[in-house]
Amino acid sequence: MKLRPKEPPSSELTPEKLYLRRREWLKQAGLFVGASAVWGGSLVALMNRGAADPPDVEVPVGPDPLAGRARAEPPADFDTDEPRTPFEKVTTHNNYYELGLRKTDPARHAGSLRTRPWTLEVGGELARPRRLDLDEVLGWFALEERVYRMRCVEAWSMVIPWLGFPLGALVKRLEPTSRARYVELTTLMDPEQLPGQRDDVLPWPYVEALRMDEAMHPLTLLAVGLYGRALPGQNGAPLRLVVPWKYGFKGVKSIVRLRLVEEWPRTTWNEAAPDEYGFYANVNPAVDHPRWSQASERRIGESGRRPTLPFIGYAEHVAGLYADLDLRRHF
Ligand SMILES: Nc1nc2c(c(=O)[nH]1)N[C@H]1C(S)=C(S)[C@@H](COP(=O)(O)O)O[C@H]1N2
Ligand SMILES: [Mo]
């Protein structure tokens, strides 16, 4: 029998860990993988840091479903004056395994994703479980531009001007019950639109979750755009999570479901390889990935490496959330 942990696990819990079996598959996928875990008997290709800079991929720019939507000023103290990563890089160097495993695959294949109409199902511990049309939800909030650093667990980073609204504003509006302790967000499950879901590289659909206080933190954003217009498919259109102080894999894309839950929800990468991808996934230069250092990062578009800051520079805003935790164990 598989025991279901009640809380985010510490590194003391030894996960079942198996090693690379299907070398042929990996060669086909063009991935460098030093070791890999197995989920449900099938291969899990782990994220890797051997990613090259993207070659040229055309990003089509069509009509903008966000045109004319109300805008609001973001809180000034979240701002950064670090140079923004160019649009071409942000939209051609992606991780979206449902659209392919190489960095340029998502930009090439995003055309299969249909982002309107889009339904967001909200349920669990809230006043009125229901299905919402995304454009109705967008009518509730003015969109803010938030320029955030984003660091992938693979040790590269970008600076991205997102457009979105605080997740906390939506959660509040949905009237959580007193039992709500976590927010769980799920990606669209549709192999027609997301053909990567035909391969069981990960347990689909992709699920991520936050503790309620993390979800309510004003830095935590539901993004619907970047560089001033609607998200391209490869970046998680039409709705994706952005939690800037955490590794990028927490930022679940193309969200169709929000649930408020009492029990700790299982999340995709953590379930696939718990010793490599923690539930918290806070950016922490002091806790290395088992296969590479997290002490520094490569800013996409720049040469050389820069030291990685705790919480990638957002410590003053969020370190207090973890005052009671040993961040080496709860990574
Ligand atoms: N559904 C889904 N969401 C996902 C991923 C994915 O493969 N599938 N990759 C994650 C990872 S590892 C990162 S680093 C970010 C990348 O976001 P970007 O491509 O917009 O930069 O998306 C995250 N969200
Ligand atoms: Mo990532």
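Residues numbered from 1 in each chain as written. Chains lettered and ligands numbered in written order. Predicted model: local features only at pLDDT ≥ 70, side-chain atom pairs only at ≥ 80, totals over all residues. Heavy atoms only, no water.

*Asks:* Any chance you could explain the overall build of the protein chain here in plain terms?
*Replies:* Looking only at helices and strands, the protein chain features eight helices and 15 strands. A fraction of 72% describes how many contacts in the protein chain between residues 6 or more apart in sequence connect residues 24 or more apart. Surface accessibility of the protein chain: about 14600 Å² in total, with carbon and sulfur atoms responsible for 50%. (Helix = DSSP H or I, 4+ residues; strand = E, 2+ residues; numbered from the N terminus. Contact = heavy atoms within 4.5 Å. Areas by Shrake-Rupley, 256 points an atom, 1.4 Å probe, with all protein chains shown as cover.)

*Asks:* Even after reading the chapter, I still don't get the packing of aromatic side chains, so can you show me in this structure?
*Replies:* Each aromatic ring pair is specified by the distance between its two centres and by the angle formed by the two planes. One pass over the full model with this rule turns up 12 aromatic pairs. An angle of 85° between the planes, with centres 5.9 Å apart, marks the rings of Phe 87 and Tyr 227 as edge-to-face. One end of the pair, Phe 87, is in helix H2 (residues 87-90); the other, Tyr 227, is in the loop between strand E10 (221-226) and strand E11 (229-230), with 140 residues separating them in the sequence. Residue Tyr 227 is classed as partly exposed on the basis of its relative accessible area, which comes to 28%. An aromatic cluster is built from Tyr 182, Trp 264, Phe 279, Tyr 280, Phe 311 and Tyr 322, whose rings are joined through pairwise contacts. Cation over ring: Arg 149 sits above Tyr 314, and NZ or CZ is 4.5 Å from the ring centre. Over the ring of Trp 140 we find Arg 173; its NZ or CZ atom is 4.0 Å from the centre of that ring. (Phe/Tyr/Trp six-rings, centres within 6.5 Å; stacked < 30°, edge-to-face > 60°. Buried < 20%, exposed > 50% of the residue type's maximum accessible area, 1.4 Å probe, protein only. Lys NZ or Arg CZ within 6 Å of the ring centre and 35° of its normal.)

*Asks:* Help me understand the pairing of E10 in this model?
*Replies:* Moving residue by residue along a regular strand, the side chains alternate between the two faces of the sheet. Counting buried positions along E10 gives six out of six residues, so the element sits mostly inside the fold. Sheet topology note: the strand E7 (residues 156-166)/E10 ladder contains five bridges and is antiparallel. Counterpart to Phe 165 in the pairing with E10 is Leu 222. The pairing of E10 with strand E12 (residues 240-242) spans three bridges and is antiparallel. The residue bridging Leu 221 from the neighbouring strand is Val 242, located in E12. With two bridges joining them, E10 and E11 adopt antiparallel strand pairing. Note that in E11 the partner of Gly 225 across the bridge is Ala 230. The antiparallel pairing of E10 with E11 creates a hairpin that spans two residues between the two strands, and Tyr 227 there sits at a positive phi of about 50°. (Pairing = 2+ DSSP bridges.)

*Asks:* Sorry, what's going on with the nonpolar core here?
*Replies:* Taken as a class, soluble globular proteins show a tendency for nonpolar side chains to be buried jointly. With 86 residues, the main nonpolar core has Trp 162, Phe 165 and Leu 258 as its most contacted residues. The greatest single-element share of this core, amounting to six residues, is contributed by E7. Apart from the residues lying within four places of it in its own chain, the contact partners of Leu 258 are Leu 120, Glu 121, Val 122, Gly 123, Leu 126, Leu 167, Leu 170, Leu 174, Val 183, Glu 184 and Leu 185. (Core = buried A, V, L, I, M, F, W, Y, C linked by side-chain atoms within 4.5 Å.)

*Asks:* I would appreciate a short explanation of the pairing of E7 in the present structure.
*Replies:* When you tally the buried positions in E7, you get 11 out of 11 residues, the bulk of the element. In this structure, strand E6 (residues 143-151) lies alongside E7, joined through eight bridges in antiparallel fashion. Counted as the bridge partner of Glu 145 is Leu 163 from E7. Counting the residues in the hairpin turn of E6 and E7 gives four residues, including Ala 155, whose phi is positive at 80°. Relative to strand E14 (residues 296-299), E7 runs parallel, the two being bridged by two bridges. The residue bridging Trp 156 from the neighbouring strand is Arg 298, located in E14.

*Asks:* How do you make sense of the sheet that holds strand E4 (residues 119-124) when you look at a structure like this?
*Replies:* Each strand in a sheet pairs with its neighbour through backbone hydrogen bonds, running either in the same direction (parallel) or in the opposite one (antiparallel). If you trace the five strands from one edge of the open sheet to the other, you get E5-E4-E13-E8-E9, paired in mixed fashion. This sheet does not close on itself; its edge strands, each paired only once, are strand E5 (130-133) and strand E9 (207-211). For this sheet, the mean inter-axis angle between neighbouring strands, taken without regard to orientation, is 20°. (Axes fitted to C-alpha atoms, helices over the stretch in contact; angles between N-to-C directions.)

*Asks:* Which parts of the structure should I look at to understand the site of ligand 1?
*Replies:* Near ligand 1 there are 17 residues, and of these Asn 94, Tyr 97, Glu 98, Gly 251 and Lys 253 occur at the shortest range. Here an oxygen atom of ligand 1 and a backbone polar atom of Tyr 97 are 2.8 Å apart. At 2.7 Å, a side-chain N or O of Glu 98 approaches a nitrogen atom of ligand 1. Its residues assigned to classes, the shell around ligand 1 comprises eight nonpolar, six polar and three charged. (Near = heavy atom within 4 Å. Polar contact = N/O pair within 3.5 Å; in protein donor to acceptor, adjacent residues only side chain to side chain. Nonpolar A, V, L, I, M, F, W, Y, C, P; charged D, E, K, R; others polar.)

*Asks:* Can you walk me through the environment of Pro 290 in this structure?
*Replies:* Tracing the backbone shows Pro 290 in the loop between helix H7 (268-272) and E14. Remark: the alpha-carbon pair of Pro 290 and Asp 275, spanning 15 residues in sequence, is separated by 7.9 Å.

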